[in-house]
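These are the residues of each chain, in order.
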Amino acid sequence: MRRTSRPGARRDDSAQFPGVSGALPLELNAFVGRAPELACLAGALEESRLVTVTGMGGVGKSRLAARAAAVCAPPGGARLVELAAVTADDLLEYAVVEALALTDHTARPAREVLLEHFADRRVLLVVDGYEHLVDPCAALVGALLRAAPGLTVLAAGRRPLGLSGERVVPLAPLGEPDALALFTDRAAAVVPGFALDDATADDAREVCRRLDGIPLALELAAGRLTALSPGQLLHRLDDRFRLLTGGGRDALPRHQTLRTAIGWSHELCTARERLLWARLSVFSGAFDLDAVEYVCGGDGLHADDVLDVLSALLEQSVVGREDGAAGVRYRMLDTVRAYGADWLEGSGDAVRLRRRHRDWYMGLATWCELEWFSPRQAEVAARIEAELPNLRTALEHCLTEPGDTRLGQHLAGTLWFYWVGCGRLSEGRHWLQRSVELDAGAPEQPDDFPQARLKALWVLGYVAILQGDPVPALAALHECQDEAERTDNAVAVAYVEHRRGCLALVGDDVRRAEVLLRSALERYEEIGELNSNVLMARVELAMALAFQGELADAVRLCEDVREVCEDHGERWTRAYALFVLGYAARCEGDPARARRLLEECLVIDHTFRDLLGAVLAIELLALVTVDEGDPAEAAVLQGAAGRMWASVGLPLFGSRHYNAPHELCEERSRAALGDVRYEECVREGARLGMDAAVGRALGHGPAPDDGPGAAGVVPVVGPEAPDSAPDAGDGTGAARTDGVEPGGGGSRSAEPDGGAASVGPGDDGGAGPGTPRPAASPAPGSGEATG
């Protein structure tokens, strides 16, 4: 919208508008935040004659539109038409005439009066609260814009008007800083002298988070501080609709309480839209269309109609859309979800919907486990990261619903690749421990998941190993082995033996580790198992051989693993094979090749946000850097690694084998630099964050990030290094030969491949990544660690 006045100016030719009915409201309290949104609206009003601000009830559409109109008013001024109180379509045009204080005693239709009035004026008309009159309002606005070239309309409502040329500006809740500022400002208005301090700031911040940053909810919550402290307010938010009442007497009726604000949107929905709103409340966080169609379809809402009904809820700002690494997803604010949950409970359908939700995510986890050993590995990591809130809900349901314990064990065990490969060791152990404790010591009962407990046990043992907690690891593995041998479960026996080999490796018993890992590989081959776990066993065997100086055999094993990984598109295990190859190259006196291999390893680790794999690679790159003659840079890298270990767990697993390269690097760097300079360099490195440390190790360049890291994935890999890190490695991780300098290494006969045919990921009927096959009673995945 072109104008002759500057954006900040406001001209108001009140003579053209007798009376004050349509005047913009004066602000009675501070306008907090929204600077980017105001700038966006100003730009939109420059380019379009119809701009619509959309958003859920209470998000601040009216206040923002009024502020934008005041800032961007053209020479003819700005006028407000508030339509919330208009109850009938045929009263709309009369209400606009009244708001503009137009006097006309003729028999002309109200629309004709409006068309004549705006015909030659340059005016910004703000239309607010039209949701219940969207069709007649759209017709009127369209007619006015076609007849009055100087008119610009700024609409504020819960859905667009749907006219050609309309510029829609969705309004999200406030971000944390602005939400906290608004809450504090409104609290100070009702509680003299109110200010946040160390005792109240965290509670206030959590209140803002729990209320989704919705301005209306924050203002109502601040009003409760006349009787409650921020901490007391926080504890009462479970019943937010009952608590958040008592808006100002001058507020619109729909803004008097949080329930009426959300209820206004609910009343405007059709019966099917209300039904879907209630059913969507079973989801936690974001969800996708496939999940909605499966979980919410049926019994009054056909699956084929779900998309149309969901689109209507999107249009009305009940549901929001997100685009990310996992594709298009949808989300309801917690406050909106809570309103729907009340309706779902009242309908008596909540139990059935929660079971369908559980079944869908059981099926998703099974599909992702199969696809982990494929070129879709990075996609799987991003998908599980995005679905984590819903997976947690499904796990909680399984572990609290009578009779579903085995389902919980199956789900927790099936997600082994995420707990171990994506930086979630601690959380994985939480779910696994809970699942196996629920039926510990209970009499054996027939069920559909005879292997579920066994799988949960060996995965629990694996996670405990990587956390550096050998006693509970041994307990879980021994229980699993006893039961697997009793029931003649060859798959579980193979996985248990593999994990016992892992434990021996990180415990510096490398000869025993070699024996156990060779035996596990033979068992894997006998049962036709080939997946990331099997390849990791080969890499761990290679590490055990390298620790014993058998570098040639270690290299042959890892080259085989590298080839299989390339054939299958597997990257997670491949990074650890590259680590062992880099370790061997360094020991054989080829630091240039070692650097190339280790840098490639580090790039993959960082792509997955694999903290353990990355820190192991940086540790070894520090030693290579000393070999290249730069002890100062090596010390910087050691400092960076030291900071990273604090987030991983026990540095280098407390293993003398894994620690040897670090000790050698420190010894040589101190000798070259002196203690004072060495410590300075270490402190410099300790100031580097993860990305900066990776960039430094790769040659001062920016750290690459082209994979699931964008979704926050933090994979764990696990040599057998007990590691409490969220990114435990796979056993290939730390290069060292007990102080062997470059050039060392013997040879022995190469290890046989140890794994043959595998069950392909197509067993689920070809479901793609966006369409995992849900299963009411999903069977353990056969292609990935089914023990």
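Procedures and definitions
Residues numbered from 1 in each chain as written. Predicted model: local features only at pLDDT ≥ 70, side-chain atom pairs only at ≥ 80, totals over all residues. Heavy atoms only, no water. Helix = DSSP H or I, 4+ residues; strand = E, 2+ residues; numbered from the N terminus. Contact = heavy atoms within 4.5 Å. Areas by Shrake-Rupley, 256 points an atom, 1.4 Å probe, with all protein chains shown as cover. Buried < 20%, exposed > 50% of the residue type's maximum accessible area, 1.4 Å probe, protein only. Core = buried A, V, L, I, M, F, W, Y, C linked by side-chain atoms within 4.5 Å. Pairing = 2+ DSSP bridges. Axes fitted to C-alpha atoms, helices over the stretch in contact; angles between N-to-C directions. pLDDT = per-residue confidence, 0-100. Parallel < 35°, antiparallel > 145°, perpendicular 65-115°, else oblique. Left-handed = near helix turned anticlockwise from the far one by under 90°. Nonpolar A, V, L, I, M, F, W, Y, C, P; charged D, E, K, R; others polar. Arc of directions from axis to C-beta. Salt bridge = Lys/Arg side-chain N within 4 Å of Asp/Glu carboxyl O. Phe/Tyr/Trp six-rings, centres within 6.5 Å; stacked < 30°, edge-to-face > 60°. Lys NZ or Arg CZ within 6 Å of the ring centre and 35° of its normal.

### Thoughts on the overall build of the chain
Assigned secondary structure in the chain consists of 33 helices and 7 strands. A separation threshold of at least 6 residues defines the contact pool for the chain, and within that pool the share at least 24 residues apart is 77%. Accessible area for the chain stands at about 30100 Å²; split by element, carbon and sulfur atoms hold 51% of it.

### Considerations on helix α3 (residues 92–99)
Two residues of an α-helix separated by three or four positions point the same way, owing to the 3.6 residues in each turn. Among the residues of α3, those classed as buried are Leu-92, Ala-95, Val-96, Val-97 and Ala-99. Looking at the buried residues of α3, the elements they touch are β2 (78–82), α4 (110–118) and α5 (134–147). Positioned one or two residues after α3, Ala-101 has a phi angle of 60°, which is positive.

### Observations regarding the environment of Arg-683
In this structure, Arg-683 sits in helix α32 (residues 675–686). On a C-alpha basis, the gap between Arg-683 and Gly-642 in space is 9.7 Å, while along the polypeptide they are 41 residues apart.

### Here's the deal with the nonpolar core
Formed by 213 residues in total, the largest nonpolar core has its most connected members in Leu-154, Leu-280 and Phe-283. When residues of this core are assigned to their parent elements, the largest contribution, 13 residues, is made by helix α29 (residues 611–627). Contacts of Leu-154, omitting those with residues within four sequence positions, involve Leu-41, Leu-45, Val-51, Val-53, Ala-65, Ala-68, Ala-69, Leu-124, Leu-125, Val-126 and Val-127. Residues Val-97, Leu-102, Phe-118 and Ala-155 belong to the second largest nonpolar core, which totals 32 residues.

### Topic: the pairing of strand β7 (residues 327–331)
In this sheet, β7 lies alongside strand β6 (residues 320–324) in antiparallel orientation, the contact comprising 5 bridges. Following the sheet pairing, Asp-323 is matched in β7 by Val-328. Linking β6 to β7, which pair antiparallel, is a turn of 2 residues.

### Here's the deal with the sheet that holds strand β3 (residues 123–128)
Across the sheet, 5 strands lie side by side as β2-β3-β4-β1-β5; this open sheet has parallel pairing. Among the strands making up the open sheet, the edge pair consists of β2 and β5 (167–170). Going from strand to strand, the sheet's axes swing by 20° on average, the running direction of each strand aside. One ladder, built from 6 bridges, connects β3 with strand β4 (residues 151–157); its direction is parallel. Its bridge partner being in β4, Val-127 is matched across the sheet by Ala-155.

### Remarks on the confidence of the model for the chain
When pLDDT is averaged along the chain, the result is 81; 82% of the residues meet or exceed 70. The secondary-structure element of the chain with the lowest mean pLDDT is helix α10 (residues 240–243), recorded at 66, while helix α24 (residues 510–527) shows the highest, at 97.

### What about unusual backbone geometry?
Here Asp-212, not a glycine, exhibits a phi torsion of approximately 65°, which is positive. Topologically, Asp-212 is positioned in the loop between α7 (201–210) and α8 (215–223). Unlike most non-glycine residues, Asp-488 shows phi in positive territory, near 55°. On the basis of relative accessible area, Asp-488 is assigned to the exposed category, the value being 67%.

### Some remarks on the packing of helix α26 (residues 551–568) against helix α27 (residues 572–587)
At a minimum axis distance of 9 Å, the contact between α26 and α27 shows a crossing angle of 150°. Of the possible angle classes, the one that applies to α26 and α27 is roughly antiparallel. Between α26 and α27 lies a crossing of left-handed hand. Contact with α26, carried on its side by Leu-551, Ala-554, Val-555, Cys-558, Glu-559, Val-561, Arg-562, Cys-565 and Glu-566, involves Thr-573, Arg-574, Ala-577, Leu-578, Val-580, Leu-581, Tyr-583, Ala-584 and Cys-587 of α27 and no other residues of that element. When the residues that make up the contact of α26 with α27 are grouped by side-chain class, the tally is 13 nonpolar, 1 polar and 4 charged.

### Description of helix α14 (residues 306–315)
Inspection of α14 places Val-306, Val-309, Leu-310, Ala-312 and Leu-313 among the buried residues, and these make up the whole buried set. With its buried residues spanning 155° around the axis, α14 presents them on a single face. On the buried face of α14, the contacting elements are α12 (271–280), α13 (289–296) and β7.

### Considerations on the pattern of salt bridges
Tallied over the entire structure, the rule returns 52 salt bridges. Across the pair Arg-111 and Glu-93 runs a salt bridge whose closest N-O atoms are separated by 2.8 Å. Within this pair, whereas Arg-111 is found in helix α4, its partner Glu-93 is found in helix α3, the two being separated by 18 residues in sequence. On the basis of relative accessibility, which here comes to 27%, the residue Arg-111 falls in the partly exposed class. Note that Glu-206 and Arg-209 form a salt bridge whose closest N and O atoms lie 2.5 Å from each other.

### Quick word on the packing of helix α20 (residues 425–438) against helix α21 (residues 452–466)
Taken N-terminus to C-terminus, the directions of α20 and α21 make an angle of 145°; their axes are 9 Å apart at the nearest point. Between α20 and α21 lies a crossing of left-handed hand. Within the contact between the two elements, α20 uses Leu-425, Arg-429, Leu-432, Gln-433, Ser-435 and Val-436 and α21 uses Arg-453, Ala-456, Leu-457, Val-459, Leu-460, Val-463, Ala-464 and Leu-466. Looking at side-chain class alone, the contact of α20 with α21 contains 10 nonpolar, 2 polar and 2 charged residues.

### A few points about the packing of aromatic side chains
If you walk through the whole model with that rule in mind, you get 17 aromatic pairs. Pairing Trp-458 with Tyr-495 gives two aromatic rings, centres 4.5 Å apart and planes at 15°, and the pair type is stacked. Here Trp-458, found in helix α21, pairs with Tyr-495, found in helix α23 (residues 490–506); they are 37 residues apart in sequence, far enough to count as distant. The exposure classification of Trp-458 matches that of Tyr-495, with both residues buried. By way of ring pairs, the aromatic residues Trp-372, Trp-416, Phe-417, Trp-572 and Phe-608 are connected into one cluster. A cation sits over an aromatic face here: Arg-499 above Tyr-462, 3.6 Å from the ring centre.

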